[in-house]
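# Secondary and tertiary structure notes
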Amino acid sequence: EAGVVQSPRYKIIEKKQPVAFWCNPISGHNTLYWYLQNLGQGPELLIRYENEEAVDDSQLPKDRFSAERLKGVDSTLKIQPAELGDSAVYLCASSLADSYEQYFGPGTRLTVT
Amino acid sequence: ELKVEQNPLFLSMQEGKNYTIYCNYSTTSDRLYWYRQDPGKSLESLFVLLSNGAVKQEGRLMASLDTKARLSTLHITAAVHDLSATYFCAVISGGGADGLTFGKGTHLIIQP
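Bear in mind that the values here come from a model prediction, so they are computed numbers and not experimental data. (Residues numbered from 1 in each chain as written. Chains lettered and ligands numbered in written order. Predicted model: local features only at pLDDT ≥ 70, side-chain atom pairs only at ≥ 80, totals over all residues. Heavy atoms only, no water.)

Moving on, we come to the overall build of chain A. Scanning chain A from N- to C-terminus turns up 0 helices and 11 strands. Order of helices (α) and strands (β) in chain A, N terminus to C terminus: β-β-β-β-β-β-β-β-β-β-β. For 113 residues, the compact-globule estimate of 2.2 N^0.38 gives 13 Å, and the C-alpha radius of gyration of chain A, at 13 Å, lies within 12% of that figure. Taking the principal axes of its C-alpha atoms as reference, chain A extends roughly 40 × 25 × 25 Å. (Helix = DSSP H or I, 4+ residues; strand = E, 2+ residues; numbered from the N terminus. Rg over C-alpha atoms; globule rule 2.2 N^0.38 Å.)

Looking now at the sheet that holds strand β3 (residues 19-25) of chain B. All names here are of chain B. Pairing within the open sheet is antiparallel, and its 5 strands lie in the order β1-β3-β8-β7-β6. Edge positions in the sheet fall to β1 (4-7) and β6 (55-58), since each of these pairs with one other strand and no more. Neighbour to neighbour, the strand axes of the sheet diverge by 15° on average, direction disregarded. Where β3 and strand β8 (residues 71-76) come together, 6 bridges link them in antiparallel fashion. (Pairing = 2+ DSSP bridges. Axes fitted to C-alpha atoms, helices over the stretch in contact; angles between N-to-C directions.)

Bringing unusual backbone geometry into the picture now. In the segment running from A:Ser7 into A:Pro8, the intervening peptide bond is cis, with an omega of -10°. Relative to the elements of secondary structure, A:Pro8 occurs in the loop between β1 (5-7) and β2 (10-13). Cis geometry marks the peptide bond from A:Gln80 to A:Pro81, where omega comes out at -5°. Within the secondary structure, A:Pro81 is located in the loop between β8 (75-79) and β9 (88-95). Even without a glycine there, the phi angle at A:Lys16 is positive, about 80°. Unusually for a residue other than glycine, B:Arg70 sits at a positive phi of about 55°. Inspection of the secondary structure puts B:Arg70 in the loop between β7 (61-66) and β8. Of the residues examined, B:Arg70 reaches a relative accessible area of 31% and is grouped as partly exposed. (Buried < 20%, exposed > 50% of the residue type's maximum accessible area, 1.4 Å probe, protein only.)

To continue, consider the pairing of strand β3 (residues 19-24) of chain A. In summary, the side chains of a regular strand alternate between the two faces of the sheet. All names here are of chain A. Of the two faces of β3, only the one carrying Val-19, Phe-21 and Cys-23 is buried; Ala-20, Trp-22 and Asn-24 on the other face are not. Where β1 and β3 come together, 3 bridges link them in antiparallel fashion. Among the inter-strand pairings, Ser-7 is bridged to a residue of β3, identified as Trp-22. With 5 bridges joining them, β3 and β8 adopt antiparallel strand pairing. If you follow Trp-22 over to β8, its bridge partner there is Thr-76.

So this is what it looks like as structure tokens:
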């Protein structure tokens, strides 16, 4: 069974440019999470989806960050415009409804110059 | 606000020694997770502890949970170099499929 897939794995952009990350969860997992991991820190939740509905986006900086999960499967996280402080690893995770296991993807490492 | 604190944040130890990593959390939770992360890699699930007094063991690692003290421990027995990694504990603040709140991680180096 394929795990959580993320792309790209690495991205380098200049500040003020837009960037998008893509996540394909494990097949059948209806819950999808985006986490942000700064260097030397633990991941922090940005947004959680139940199917196509964002049920917890309280930690998402909505002035520049947006996310969507239109068909309740794949998800895209966008930053526009990017700032230097956005340099981090963006992790996607998925789980089955009411399951206690969250499975993490490999992450996208973003560098903003 | 749920807070998760790990200590130590950095640990250097010799092969063959035993040590314990501690994880404290600030509010009631009925689920605690331990993950391992190797440099440049994603998170690998080690243990999920679901109830007070739960103990799980895998190889040289053993995790336990005391919900009354809001404390979990990850014990390493007779450490080997391959266990060098960063270890995170995480707690779920609500039920169901809520997001996880992570500690800052314990960076573990095991030297021959």
